[in-house]
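Spelled out from the first residue to the last, the chains are:
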Amino acid sequence: MITFTVNGTQRSVTSDPDTPLLYVLRDELALNGAKFGCGLGQCGACTVLVDGEALFSCITPVMLLEGRSIRTVEGLGTVDEPGPLQAAFIAEQAAQCGYCIAGMMMRAQELLERIPDPDDDDILAALEPQLCRCGTHMRVIRAVKRAAQALAQAQALAQASEGAR
Amino acid sequence: MLLKRVFLSGIILVAAGGAAALAYAWRGAIPPIAPPAVTSFQPDEVLRGADLALIGDCRTCHTTAGGRTFAGGLAMPTPFGTIYSTNITPDPETGIGRWSLAAFTRAMREGVDREGRHLYPAFPYDHFSLTADADLKALYAFLMTRDPVVAEAPANDLPFPINLRLVLAGWKLLFFHPETYVPDPSRDAPWNRGRYLVEGFAHCGACHTPRNLMGAEVSSRAFAGGEAEGWAAFPLGPHSPSRIPWTEAALGDYLRQGWQADHGVALGPMRPVVENLAEAPAEDVAAMARYLASLGAPAATFPPLPAAAPDMSGARPQSAGWQAAIAAPGTGQPEGLRLFAAACASCHEAGRPLPLGGTDLALSTSLSADTPQNLLNVVLQGVPASDGQAAPIMPGFVSAMNDAALTALVAYLRQTVAGKPGWPDLPAAIAAARDAAIPSPHAGAAR
């Protein structure tokens, strides 16, 4: 039994300790956002955050995750209430087939937590491990910038209402 | 009165000494030329220069990640501060467009730029002094026929007094002893060619020979191992920590393809070197291998490899045997073995040969070396894919493995797989490797 936190909820899983995190998320916890792409840690479709850092869940045995905090694309928002990154990807229509997008968003989330106002170079460098075979790269870059602006505005609003209180 | 006279003559002596030193240190400018036309160079000379540039690894230091080739500007951290490589495209203002062949030759052989300023030995003129006139002419022809790029290198970030280039005259007096290449008539032509390239253009010793406190190569300990950008440049020849002696054939394959089944994969700063050599003339790389093989092998016989700790019969070609090896925690099974079985075995024990499968870790020099640097770096950073080349890959585990897991894995690999005593001061090495592996805000493109 291995216990960790997924999107804020503590979960215990019974998969074998060498099972890749991706399989545990999809098969045992029914979180199907992270995708199986190459299975070699080379394409990024399986990217999730662990303790705030992006990693490839397809090559990470679950035994390494005892007590740690995992965040998947399901943790960024819901269908009814998409989070800022998800809303930005929808607004920019940044998905074609969409297979890479969950990983793209998790890598972008890590970037925005590190650099709230990234420039093009920051985004290109951060998303370098994520492959997209359709070619929506320019839209993805716009979506990340849009999300950064939305987050900055939300923060400014929050600070303003804090000040008004 | 006497005191005064002694004092005065002292001053005169110091002044004379200073003047002499200045005269020694002072190098005049070589007049600028009008940038030569591309058509003024012979095509076959340009091609030969291109090959020498590959062997010399020029573009690796004179190009930034994502930048224009040979436009310089790469930050090179040294123990003394940061030096930026220069623009060696033929741009007349920011590159070497106004350099004559004489100026180029002086820079390569003596480490003095066209304007007469001493160059820092991060530029390995201590090796390039061996290069022949005809080869420098070919390299010049190649560089002067590249696309000029306007790019000013950032100013070096060096402390006083190292930031004064005149100080380099003293450094050269102490450590720089230029020689011309004298062939050894008792050896065959490929060996001599190999020695000329290894000691000259390829400047292998710049990383593989240890440096003294003043940053100069310790020539008495040639190829005894050095360091580059946080990676160990393993000792070569009689000092090699390899599990299996390097043969001429193995060296040739490794330098040309970037991996060798009995030794492993070129990592870190060696990657661009082998990528360049992959395009260089095959006979030149073979000649380098012949010379490097002639350095010799360790006198001690190699200890037999330890038997694989667990009985993994049936483990190859599938990894099912390794999966079965994982018992529950707390059953006394070493944590490192469990981690290896879970995270590493699916490639490293899959029975697929390099470069499609993982390195046979029992033979890996990263496990048998005196330092855990390269093993830690590769576990944390992985082996990034090469642009446009079929080459080995490995994902990094920097975010997945905490220090406890890494310590357990390294202990298993070093002690059980390599059969060697554990490395001292592993925690400090892990901390340093983790610092190097954590992406800095702009590091992504630098891979």
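The present account deals with the structure reproduced in this document. (Residues numbered from 1 in each chain as written. Chains lettered and ligands numbered in written order. Predicted model: local features only at pLDDT ≥ 70, side-chain atom pairs only at ≥ 80, totals over all residues. Heavy atoms only, no water.)

**Let's talk about the overall build of chain A**
Phase 1: The number of helices and strands found in chain A is five helices and five strands.
Phase 2: When the helices and strands of chain A are listed from N to C terminus, the series reads β-β-α-β-β-β-α-α-α-α.
Phase 3: Taking 165 residues into account, the globule formula puts the C-alpha radius of gyration at 15 Å, and chain A, at 16 Å, falls close to it.
Phase 4: Its C-alpha atoms put chain A at 50 × 45 × 30 Å along the principal axes.
Phase 5: Taking all 165 residues of chain A together, the buried fraction comes to 48%.
Phase 6: For chain A, the share of sequence-separated contacts (at least 6 apart) that also reach a separation of at least 24 residues comes to 57%.
Phase 7: Summed over all atoms, the accessible surface of chain A reaches about 8200 Å², with 51% contributed by carbon and sulfur.
Phase 8: Each charge sign in chain A was given a centre, from 13 positive and 20 negative side chains, and these centres are 6 Å apart. (Helix = DSSP H or I, 4+ residues; strand = E, 2+ residues; numbered from the N terminus. Rg over C-alpha atoms; globule rule 2.2 N^0.38 Å. Buried < 20%, exposed > 50% of the residue type's maximum accessible area, 1.4 Å probe, protein only. Contact = heavy atoms within 4.5 Å. Areas by Shrake-Rupley, 256 points an atom, 1.4 Å probe, with all protein chains shown as cover. Lys, Arg positive; Asp, Glu negative; His and termini not counted. Charge placed at Lys NZ, Arg CZ, Asp CG, Glu CD.)

**What about the packing of aromatic side chains?**
Each aromatic ring pair is specified by the distance between its two centres and by the angle formed by the two planes.
Residues and elements named next belong to chain B.
Phase 1: Counted by the stated rule, this structure contains 14 aromatic pairs over all chains.
Phase 2: Look at Phe 41 and Tyr 140: their rings are 5.9 Å apart centre to centre, the planes differ by 70 degrees, and that puts the pair in the edge-to-face class. With Phe 41 in the loop between α1 (2-25) and α2 (43-55) and Tyr 140 in helix α6 (residues 133-144), this residue pair connects regions lying 99 residues apart in the sequence. Tyr 140 shares its class with Phe 41; the two are buried.
Phase 3: Taking 6.3 Å as the distance between ring centres and 80 degrees as the angle between the ring planes, the aromatic pair formed by Tyr 196 and Phe 201 counts as edge-to-face. Per residue, the accessibility class of Tyr 196 equals that of Phe 201, and both read buried.
Phase 4: Three or more aromatic residues link up through ring pairs in this structure, and these residues are Phe 123, Tyr 125, Phe 128, Phe 176, Tyr 181, Tyr 196 and Phe 201.
Phase 5: Of note, Lys 172 hangs over the ring of Tyr 125, and the distance from its end group to the ring centre comes to 4.9 Å.
Phase 6: In this structure, Arg 187 is placed above the aromatic ring of Trp 191, and the distance from its NZ or CZ to the ring centre is 4.5 Å. (Phe/Tyr/Trp six-rings, centres within 6.5 Å; stacked < 30°, edge-to-face > 60°. Lys NZ or Arg CZ within 6 Å of the ring centre and 35° of its normal.)

**Quick notes on the interface of chain B and chain A**
Interfaces are often sized by the accessible area lost when the parts come together.
Phase 1: Contact residues are listed per partner, giving 25 residues for chain B and 20 residues for chain A.
Phase 2: Carbon and sulfur atoms make up 62% of the surface buried where chain B meets chain A, a total of about 1800 Å² over both sides.
Phase 3: Viewed at the interface, chain A and chain B are joined by zero salt bridges.
Phase 4: The tally of links from chain B across to chain A stands at four residue pairs in polar contact (both at pLDDT 80 or more).
Phase 5: For the side of chain B that touches chain A, the element with the most residues is helix α14 (residues 335-348) of chain B, which contributes five residues.
Phase 6: Here the residues of the side of chain B that touches chain A sort into 15 nonpolar, seven polar and three charged. (Buried area = accessible area lost by both parts, 1.4 Å probe. Salt bridge = Lys/Arg side-chain N within 4 Å of Asp/Glu carboxyl O. Polar contact = N/O pair within 3.5 Å; in protein donor to acceptor, adjacent residues only side chain to side chain. Nonpolar A, V, L, I, M, F, W, Y, C, P; charged D, E, K, R; others polar.)

**Structural notes on the sheet that holds strand β3 (residues 47-50) of chain A**
Residue and element names in this part refer to chain A.
Phase 1: Strand order in this open sheet of five strands is β2-β1-β5-β3-β4, and the pairing throughout is mixed. The open sheet has two edge strands, β2 (9-13) and β4 (53-56), and neither has a second partner. Mean inter-strand twist for the sheet, computed between neighbouring axes without regard to direction, equals 40 degrees.
Phase 2: Both strand β1 (residues 2-6) and β2 contribute to a ladder of five bridges, which runs antiparallel. By the bridge assignment, Thr 5 is partnered in β2 with Gln 10.
Phase 3: Strand contacts of helix α3 (residues 101-114): β3, β4 and β5 (69-71), with the helix running at about 35 degrees to β3, the strand carrying the most contacts. (Pairing = 2+ DSSP bridges. Axes fitted to C-alpha atoms, helices over the stretch in contact; angles between N-to-C directions.)

**Brief notes about the environment of B:Leu267**
Residue and element names in this part refer to chain B.
Phase 1: Along the chain, the position of Leu 267 falls in the loop between β6 (264-265) and α11 (270-277).
Phase 2: Looking at Leu 267, the relative accessible area reads 15%, which means it is buried.
Phase 3: Between the C-alpha atoms of Leu 267 and Pro 384, which are 117 residues apart in sequence, the distance is 9.4 Å.
Phase 4: For Leu 267, the residues in contact, after removing those within four places along its chain, are Trp 231, Ser 366, Val 378 and Val 383.

**Side note on helix α4 (residues 101-110) of chain B**
Residues and elements named next belong to chain B.
Phase 1: Burial runs high along α4: seven of the ten residues are buried.
Phase 2: Every buried residue belonging to α4 is among Ala 103, Phe 104, Thr 105, Arg 106, Ala 107, Met 108 and Arg 109, and all of these are buried.
Phase 3: In this fold, the buried residues of α4 make contact with α5 (125-128) and α6.
Phase 4: A positive phi of about 70 degrees marks Gly 111, the residue just after α4.

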